[in-house]
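# Fold and geometry: a report
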Amino acid sequence: MREFKKLTIQNLTKKFGEKEALTDFNLTVEKGQFVTFLGPSGCGKSTALNCIAGLLPITSGQIYINEECIDNGIKKVPVEKRGFGMVFQNYALFPHLTVFNNVAFGLELKRISKNEIKEKVLNILKMVHLEGYENKFPSQMSGGEQQRVAIARCIVLEPDLLMLDEPLSNLDAKLRNDMRYELKTLHERLQVASIYVTHDQQEALALSDKIVVMKKGYIQQVGTPEEIYSHPANLFVADFMGFRNIWEAQIEEIDDSNDEAKIVVDINGHKLISHTKFTNQNRRLKPALQQAFKNHQTINTAIRPEDFLIGKGETNNLKCKVGIVEYLGQISHITGTLNNNSQADFRASEKIRIGDELDLWIPPEKLLVFPKGVNTYV
Ligand SMILES: Nc1ncnc2c1ncn2[C@@H]1O[C@H](COP(=O)(O)OP(=O)(O)OP(=O)(O)O)[C@@H](O)[C@H]1O
Ligand SMILES: [Mg+2]
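Analysis parameters
Residues numbered from 1 in each chain as written. Chains lettered and ligands numbered in written order. Predicted model: local features only at pLDDT ≥ 70, side-chain atom pairs only at ≥ 80, totals over all residues. Heavy atoms only, no water. Near = heavy atom within 4 Å. Polar contact = N/O pair within 3.5 Å; in protein donor to acceptor, adjacent residues only side chain to side chain. Areas by Shrake-Rupley, 256 points an atom, 1.4 Å probe, with all protein chains shown as cover. Helix = DSSP H or I, 4+ residues; strand = E, 2+ residues; numbered from the N terminus. Axes fitted to C-alpha atoms, helices over the stretch in contact; angles between N-to-C directions. Parallel < 35°, antiparallel > 145°, perpendicular 65-115°, else oblique. Left-handed = near helix turned anticlockwise from the far one by under 90°. Contact = heavy atoms within 4.5 Å. Salt bridge = Lys/Arg side-chain N within 4 Å of Asp/Glu carboxyl O. Buried < 20%, exposed > 50% of the residue type's maximum accessible area, 1.4 Å probe, protein only.

### Regarding the site of ligand 1
- Taken together, the neighbourhood of ligand 1 is formed by Phe 16, Lys 19, Ala 21, Pro 40, Ser 41, Gly 42, Cys 43, Gly 44, Lys 45, Ser 46, Thr 47 and Glu 166.
- One of the side-chain N or O atoms of Lys 19 is found 3.3 Å from an oxygen atom in ligand 1.
- A distance of 2.5 Å separates an oxygen atom of ligand 1 from a polar side-chain atom of Ser 41.
- Contact with the protein chains covers 59% of the free accessible surface of ligand 1, which is 630 Å².
- Of all the secondary structure elements, the ones that give two or more residues to the shell around ligand 1 are β2 (19–30) and α1 (45–53).
- The biggest single contributor to the shell around ligand 1 is α1, with 3 residues.

As structure tokens, then:
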């Protein structure tokens, strides 16, 4: 038996007829890592997962386990020999089998004694908090319980790589949170390499070591949750990670050093300062900004609603007339019009009323800048 160290995907492309669902997909998943594919519906998440699993033929590229090529479009290791486990959104349990028999099913196909099967099944059921459910049928259980059976059925086979395609999307909000926590605990315990598919950014941030953000079959950015959250590589990723207040701007001035820049932008006649850091995550940004400056091209700026501060700051001061207040308990969501006529979407914990005139300011490191039409990732 080989020991799984890493999965490597190189230049993977998948076409359905003329339609390219996945283009030049590159990724490494190491032992113990939790990697998430994040993106909107139709961006190719399930396609990528099914190609890796061997359920879909690939059009070109290569997939490796350690140094061994398991798929290059011509030569292909079959699904059952890859040692991967898959959990689907709809659980796919056997309705006529009890919980015990659902989980035991895969083990019975291997040559293992009845006693050992029993021990393994009971152990796994305990791990997913389903002790005492052995004799129930799937139809007698809630969605969350069924999903835990589906996960137990998969991990009891000790796969090298666990793949989960939107496993929580059929559950209500509260159960999703509980199951998210359980998945995280389970992963900490088992340390099995995992690929998780979701279109929920909170889920991706909470669970992952590495997030792959996708759009229309293209990878937009690969990074840690912190990198993706704080340094989105382009406007698409920023939008997906909760940046709002996307305003068009002209660059007035760039004062850059090696890895950061102070950029003065004009937004509808209002001058604001952005402190931008250049990292591996946005290394195309610097030349793209310089070019936009030279050619007087319009760029986009973006700010998270929670990054506005109320009051007067050292710089980036604005005045806002409050238009809409949505009271949500501890905080309110507020929409207002700035003195340059831009709409601003921000948060406040103090009591604010429609028609109030507020001072707002934006810390310069919270104002992101994105040249248009440039994918600032690799
Ligand atoms: N069997 C197929 N035949 C033709 N086109 C397909 C097939 N499967 C997927 N596609 C197309 O490939 C693209 C990617 O689909 P995929 O199912 O991978 O998206 P996804 O990111 O998983 O979306 P969702 O979040 O809705 O599950 C879509 O445009 C889809 O219509
Ligand atoms: Mg899908």
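On we go from here.
### Some remarks on the packing of helix α2 (residues 99–108) against helix α4 (residues 143–155)
- It is the contact of α2 with α4, at a shortest axis distance of 7 Å, that shows an interaxial angle of 30°. When the axis of α2 is compared with that of α4, the two are roughly parallel. When the axes of α2 and α4 are compared, the crossing they make is right-handed. The segment α2 lies against α4, with Val 99, Asn 102 and Val 103 engaging Val 149, Ala 152 and Arg 153.

### Quick look at the pattern of salt bridges
- Tallying each qualifying case throughout the model produces 15 salt bridges.
- Here Lys 120 and Glu 158 are joined by a salt bridge, their closest N and O atoms 3.3 Å apart. Placement of the pair is Lys 120 in helix α3 (residues 114–127) and Glu 158 in the loop between α4 and β7 (161–165), with a sequence separation of 38 residues.
- Taking the relative accessible area as the measure of exposure, Lys 120 reaches 22% and is therefore partly exposed.
- Given a relative accessible area of 57%, Glu 158 falls into the exposed group.
- With its nearest N and O atoms 3.3 Å apart, the salt bridge here joins Arg 347 to Asp 345.
- Overlapping salt bridges bring together Arg 176, Asp 200 and Glu 203 as one network.

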